[in-house]
Structures are given as structure tokens and as C-alpha cells.
Amino acid sequence: TGLDPKEPFQTYEPPPAPDYAEAGAWLRRPDAPETWDEGDLPADVFFVGPTAYDGGRHWNAPTDDPQAERFFRRTVEPNYAGPFAEVGRLFAPAYRHASLYSLLTLRDDAREARRFAYSDVREAFRHYLTQYNHGRPFFIVGVEQGGTLAARLLAEEVASDPEIARRLGGAYLIETAVQADRPPFRPCRAPAEPGCLVAWMSVYEGQREMAQTLRDRSLVWGPEGDLVNLSGPPLCYNPVLDRVTDDEAPARLARGATNATGLEWGARPALQTRQVSAQCQNGVLFVSRPRSGAFKRTGGWAERRKAPSYNLFYGDLEASAQARVQALLGDPTFPRVAGPITRSQAVADRPVRRID
């Protein structure tokens, strides 16, 4: 009740829109995003973060909310963007994401808040493509609410343009519902397959009621651009096996979990291997409980309902993304892009001498 804005979304005045031409509108971007050289990472990563704002006054978070930014820097970036740090330059827009409260109710106001958040993500992605990408390979990564918004990006901005879709190394929608019979992009059916989509929602082994709750309460994009209830089995990717499959993945294959919370950007965390097994069942990924005490939800009521402060599949996602970008760049038909021209040299005028 305390997190409810207590105002219909139709009369709600949202916070000011970000200007993605400004560096302050990005939680993370390169210092010189328009340029690169041969020594830079081979791709880009467009990262849409999860909910960080609890609610109360707003349906949608202000982009300058200090608590939300701290959550991104301390928890989200090291745990969920970290696996892609060696794949590409990171572009993470600040956007007016729907509050945590809007994710805990299915009322129309909450759905409108989530639809509204997409307008910022779409604007950020378009700005990234036109100003910063310049034909480079790229990945799209979204976590929870960010994954739902990224799913619509894939359908509307990537799948609709073959030239853009050709450069997609992969899309990772973490803890995100995607309807299996109408995914926004081609699912990944094989390890290291480039240019495809993975998505999953997970629970611990034995939590069958929670798995059913996830299926019952998850929202996906309808054909008219509205958020509708999931009406069929969700797509289920197994990170340990690096493909969409119902096969069981034993813990001995897991490449490493980590609790990277508080780690500075660019520092690779230590990984604990063989922590979890995983298997998709009826569209939900069932994960064994990790042996280490580092992988437990902490904090107050709201913190325990946000993205966890650890990543059980950090090493698996890291290896997967690196294999996909290598496969994409290893394709001899993939168009290579020269870096932007950043230096010029004046040439003195010379008379033209005719030679008969």
C-alpha cells in the first residue's frame, strides 16, 4: 500500500525524459562512444537493467534517482552486465523504468507504466544505433523488466530490419517470460549459435507452486503492443547447456556462479564452479539450491523482490556470449566494418599538368 502512487496512470505526470545525446542519460557508456580502434572489444552490448525503484510517489522512476543508481552500480552491473564485459563495449541507458510496485500487480495502471518505460528504451536504442554503432556487431541483454522491454526491441527494431538483424550476436533475456510459440526472434537451439534469442525464468527445485505463479502472472507483448498474460508455455533456455532444451544439465558442467556485488566495473569476479544443476520443465528452469552461502537473497522486503545480488550462471553466460561473437565474426560472409575516421590531414593545392 505504501508503494502505490494512488493516482491513475492516465492523470499521472511522469518524470522528465532523458536526452540520450547527453552522457548523463547513460548509466554506462564508453568515454568516446562514437569511435573505436582495432584494439577495442569486437562488439557492443546494449544492456537494459531491471527494476531498481520501489515506488511510492511515481509509477515510473526518475532517471536521477540516487538509490536506483546505487543499486545498478553495486548489484546489477557487476552481476548481470559483467558476464558480457569481455564481449563488447557496454551501453546501459538510464530509463524511466516501472516501479517495483507496478510489477506486483496486474492492474491496468501498472501495465501502462511498463508500456511507458519502453518508449525510453526504444529511444535509447535508436540513438545508440544511429550515433554509436556504425555497423558493429552487438548484443542485447535485458534483466527481468528490462528483458521484457528488450523483447519488444527485438520484435520492432531488430527483426524488422535485416541489416540490423544480421549484426546481432545474440539476445539474452534473463529471468524474462517469452511465449515459446511466438518469440520475438529466432531462439537459440545450439551452443555458440550466433544471431539468436535466449530467455528463461527460474525457480529452485521443489518450488512448483512458485513456477505456476510465474506462468500465471507473467506478461508478454500482444500483437497490438499491449501487455497481456502469458497464454502458453514460456521459452526456456538452459544456461549451463547454452541452448533451449528440456535436457538436464548436471552441476559438473556449470562454469561458475558468483556474488560480484560491490565489485568495480572491469574487475572479473572469482567463480565457484559446480554450484547448481538445471533443467527446463514446462517452460520454467528448475535450479538446484547452491551449496555456498554466498548465494542467498538478503536485505529488506523490497530488496528480496528485485534482481538477486548474485548470478548463478555468470560463467555460463560469459562463455556463451564469447562463443557467439566468435562464431559471428568467424563467418566469412559477415560484413567487416572499418573504424570511424578520427584524424584528417590538409593537402596543399597543386596545379594540374596535362600530359598528352
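Residues numbered from 1 in each chain as written. Predicted model: local features only at pLDDT ≥ 70, side-chain atom pairs only at ≥ 80, totals over all residues. Heavy atoms only, no water.

Participant: Describe the overall build of the protein chain, with residues and values.
Facilitator: Across its full length, the protein chain holds seven helices and 13 strands. Against the compact-globule benchmark of 21 Å for 356 residues, the protein chain has a radius of gyration of 21 Å, which places it among compact chains. Projected onto its principal axes, the C-alpha positions of the protein chain cover 90 × 50 × 40 Å. Scored against the burial criterion, the 356 residues of the protein chain give a buried share of 54%. (Helix = DSSP H or I, 4+ residues; strand = E, 2+ residues; numbered from the N terminus. Rg over C-alpha atoms; globule rule 2.2 N^0.38 Å. Buried < 20%, exposed > 50% of the residue type's maximum accessible area, 1.4 Å probe, protein only.)

Participant: Before we move on, can you summarise the sheet that holds strand S3 (residues 88-93) with the specific residues and values?
Facilitator: Within the open sheet, the six strands sit side by side as S1-S3-S2-S4-S5-S6. Their pairing is mixed. On the outer flanks of this sheet lie strand S1 (26-28) and strand S6 (197-200), each paired with one strand and no other. Going from strand to strand, the sheet's axes swing by 20° on average, the running direction of each strand aside. Bridge analysis of strand S4 (residues 138-143) against strand S5 (residues 168-174) gives six bridges, and the strand direction is parallel. (Pairing = 2+ DSSP bridges. Axes fitted to C-alpha atoms, helices over the stretch in contact; angles between N-to-C directions.)

Participant: Residues and numbers for the packing of aromatic side chains, please.
Facilitator: Applying the stated criterion to the full structure yields 19 aromatic pairs. Their ring planes at 55° and their centres at 4.9 Å tell us that Phe91 and Tyr128 sit as a pair that is tilted. Pair noted here: Phe91 is in strand S3 and Tyr128 is in helix H3 (residues 108-133), with a separation of 37 residues, a long-range link. Taken individually, Phe91 and Tyr128 each receive the classification buried, so the pair is uniform in this respect. Ring pairs connect the aromatic residues Tyr20, Trp26, Phe46, Phe91, Phe125, Tyr128, Tyr132 and Phe138, which therefore count as one cluster. Its guanidinium or amino end placed over the ring of Trp36, Arg136 lies 4.8 Å from that ring's centre, counting from NZ or CZ. One Lys or Arg, Arg208, reaches over the ring of Phe286 and ends 4.7 Å from the middle of that ring. (Phe/Tyr/Trp six-rings, centres within 6.5 Å; stacked < 30°, edge-to-face > 60°. Lys NZ or Arg CZ within 6 Å of the ring centre and 35° of its normal.)

Participant: Summarise the sheet that holds strand S7 (residues 202-204); cite the residues concerned and give the values.
Facilitator: Reading across the sheet, the three strands line up as S7-S13-S12 and stay open at both edges, with mixed pairing between neighbours. Both edges of this open sheet fall to S7 and strand S12 (278-281), since each of them pairs with a single strand only. When strand polarity is set aside, the average angle formed by the axes of neighbouring strands in this sheet is 35°. In this sheet, strand S13 (residues 284-287) lies alongside S12 in antiparallel orientation, the contact comprising four bridges. Note on S13: the bridge partner recorded for Gln281 is Val284.

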